[in-house]
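Below are the chains, spelled out letter by letter.
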Amino acid sequence: MSQQQISLPAKLINGGIAGIVGVTCVFPIDLAKTRLQNQRQGQQVYKSMMDCLIRTVRSEGYFGMYRGAAVNLTLVTPEKAIKLAANDFFRHHLGRSGKGLTVYKEMLAGCGAGMCQVVITTPMEMLKIQLQDAGRLAASQNQQRTPAVVASSKLGAGNAVLRRSYNVGLAPAPAARAESATQIARQLLRAQGVSGLYRGLGATLMRDIPFSVVYFPLFANLNALGKDAPEGSAPFYWSFLSGCAAGSIAAIAVNPCDVIKTRLQSLSKGANEESYSGIVDCFRKILRREGPAAFLKGAGCRALVIAPLFGIAQVMYFVGAGEFILDHNPFRLCSRSVV
């Protein structure tokens, strides 16, 4: 089925279903990625992804691996819908000449999609990171027997909720008191306004635009290799593998930007963990204190997250789950019978 034949509502449904299924499957790995990226040199709590997941289950229980998942599950539908639909929109308009899309035009379409999605991505990841990193901070406090320091200047006077989350003092239990995304969002809005939810917007753009520029053209060309005819469609398994391969490559390519974004969006700091005034300051401090290898922290986890996430997304998108739902909509069937 040609992408141009897919209606906009079907595209939105496809992206939403793919996002929910994908996030549910890979969220624990994403949590490990966030915690590994936020570790400073000499203050490592976790040795690897598996060590992080095992320690998380032991200290916070099975559902501790899904801390922050509710934010993603709520906002991933509009995020993926915007990303996939925007890319298709730009590809359609850039290819109106009938000559097909050059790699340059495919990259432009991906760039447009990346710019559109940050409207949802930035606040979603801002809230998710606070929840995901709470367990690492609590474990670090317990390990060092030193209360974590929350930079009050970041949230102003109204940061009581976040202070309760992370200031566990010398208590032996490493588990942090759970706070909801709604409570954290209210504190940010009260202290900083809407801009508080969009902290790290520049870093998010710096990550998502290059990611989309790499991912969408790469996927389109890999997927085209599996088509029997230029106007045909690739097999189910080929779209999945193409999405996984393109997603992994793009994720690793932009991982340094993701490390910077994660550090900037982490409002609460552990003992002796530095704060950053912006992208350049963050880059310089990480490079000087932790070396170039720090920019690859969590790269393996991120590749493991993105590969199935985008593989599932592309399968849903091209198989046409959204169209099936729309065609079997009872309200639509009722309206047809009346006519």
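Here the structure is a predicted model, which is why all the values come from computation and not from measurement. (Residues numbered from 1 in each chain as written. Predicted model: local features only at pLDDT ≥ 70, side-chain atom pairs only at ≥ 80, totals over all residues. Heavy atoms only, no water.)

**Q** Tell me about the overall build of the protein, and name the residues and values.
**A** Within the protein, the regular secondary structure consists of 15 helices and two strands. Every one of the 339 residues in the protein was classed for burial, and the buried ones make up 52%. Put simply, 78% of the contacts in the protein that link residues at least 6 apart link residues at least 24 apart. For the protein, the accessible surface area stands at approximately 15,100 Å², while carbon and sulfur atoms represent 66% of it. (Helix = DSSP H or I, 4+ residues; strand = E, 2+ residues; numbered from the N terminus. Buried < 20%, exposed > 50% of the residue type's maximum accessible area, 1.4 Å probe, protein only. Contact = heavy atoms within 4.5 Å. Areas by Shrake-Rupley, 256 points an atom, 1.4 Å probe, with all protein chains shown as cover.)

**Q** If you had to explain helix α2 (residues 49-60) to someone new, which residues and values would you point to?
**A** Helix length check: α2, at twelve residues, gives a terminal C-alpha distance of 16 Å against a target of 16 Å (1.5 Å per residue), a fit within 8%. Among the residues of α2, those classed as buried are M49, D51, C52, L53, T56 and E60. One or two residues past the end of α2 sits G61, with phi positive at roughly 85°. (Expected span 1.5 Å × (residues − 1).)

**Q** Pulling in residues and values, what's your account of the UniProt feature "transmembrane region" (unreviewed entry) in the protein?
**A** The feature "transmembrane region" (unreviewed entry), as given by UniProt, occupies residues 12-32 and 294-319 in the numbering adopted here. Within residues 12-32, the helical portion is 100% and the strand portion 0%, while the C-alpha atoms at the span's ends are 29 Å from each other. (UniProt positions renumbered as here; feature names shortened; annotations may be inferred.)

**Q** An account of the pattern of salt bridges is needed here, citing residue identities and associated values.
**A** Considering all chains together, one arrives at 19 salt bridges under this definition. Among the salt bridges present, the one from R40 reaches E274, with a minimum N-O distance of 3.7 Å. Residue R40 is located in the loop between α1 (8-38) and α2, and its partner E274 is located in the loop between β2 (268-269) and α12 (279-290); the two are separated by 234 residues in the primary sequence. Neither residue differs from the other here; R40 and E274 are each classed as buried. Residues joined in a network through salt bridges with shared partners are K33, E125, R207, D208, D258, K261 and R302. (Salt bridge = Lys/Arg side-chain N within 4 Å of Asp/Glu carboxyl O.)

**Q** Can you break down the nonpolar core residue by residue, with the values?
**A** Counting residues in hydrophobic clusters, the biggest one holds 34 residues, and the most contacted among them are A32, Y46, M49, F211, Y215, C301 and F310. Residue assignment for this core shows that the elements contributing at least two residues are α1, α2, α3 (69-94), α4 (103-144), α9 (201-224), α10 (236-253) and α13 (299-319). With eleven residues, the next largest nonpolar core counts A181, I184, A185 and L267 among its residues. (Core = buried A, V, L, I, M, F, W, Y, C linked by side-chain atoms within 4.5 Å.)

**Q** Got a sec to walk through the side chain of Q117? Specific residues and values, please.
**A** Position of Q117 among the secondary structure elements: in helix α4. Of the residues examined, Q117 reaches a relative accessible area of 2% and is grouped as buried. At 3.3 Å, the side chain of Q117 forms a polar contact with the side chain of E79. (Polar contact = N/O pair within 3.5 Å; in protein donor to acceptor, adjacent residues only side chain to side chain.)

**Q** So what's going on with the packing of aromatic side chains? Which residues, and what values?
**A** This model, assessed by the stated rule, comprises nine aromatic pairs. Look at F27 and Y66: their rings are 6.1 Å apart centre to centre, the planes differ by 15°, and that puts the pair in the stacked class. Note that F27 is positioned in helix α1 and Y66 in the loop between α2 and α3, a separation of 39 residues in sequence. Considering the side-chain rings of F211 and Y215, the 5.8 Å spacing of their centres and the 10° angle between planes classify their relative orientation as stacked. Note that F211 and Y215 are positioned in helix α9 at a spacing of four residues, about one turn of the helix. By the burial criterion, F211 is buried, and Y215 matches it. Every member of this aromatic cluster is reached through a ring pair, and the members are F27, Y62, F63 and Y66. (Phe/Tyr/Trp six-rings, centres within 6.5 Å; stacked < 30°, edge-to-face > 60°.)

**Q** Please provide a residue-by-residue account of the packing of α3 against α9, values included.
**A** It is the contact of α3 with α9, at a shortest axis distance of 12 Å, that shows an interaxial angle of 70°. Classified by the interaxial angle, the pair formed by α3 and α9 is roughly perpendicular. Between α3 and α9 lies a crossing whose hand is right-handed. Counted together, K83, L84, N87 and R91 of α3 and F211, S212, F216 and A220 of α9 form the full contact between these two elements. For the contact of α3 with α9, the residue count by class is four nonpolar, two polar and two charged. (Axes fitted to C-alpha atoms, helices over the stretch in contact; angles between N-to-C directions. Parallel < 35°, antiparallel > 145°, perpendicular 65-115°, else oblique. Left-handed = near helix turned anticlockwise from the far one by under 90°. Nonpolar A, V, L, I, M, F, W, Y, C, P; charged D, E, K, R; others polar.)

**Q** Account for helix α11 (residues 255-265), naming residues and giving values.
**A** Burial analysis of α11 places ten of its eleven residues in the buried class, which makes it a mostly covered element. Here α11 has its buried residues at N255, C257, D258, V259, I260, K261, T262, R263, L264 and Q265.

**Q** Residue-level account of empty space enclosed by the protein, with values.
**A** Under the criterion given, the structure shown has two cavities of 30 Å³ or more. Volume-wise, the largest cavity comes out at about 320 Å³. Lining the largest cavity are 22 residues, with E79, K80, E125, I306 and L309 sitting closest to its centre. Elements with a minimum of two residues in the lining of the largest cavity: α1, α3, α4, α9 and α13. The residue makeup of the lining of the largest cavity, split by class, is ten nonpolar, two polar and ten charged. (1 Å grid on protein atoms, 1.4 Å probe; cavity = no way out; pocket = protein on both sides within 12 Å on 5 of 7 lines; lining within 4 Å. Points joined across faces, edges and corners; volume = space filled by probe spheres on them.)

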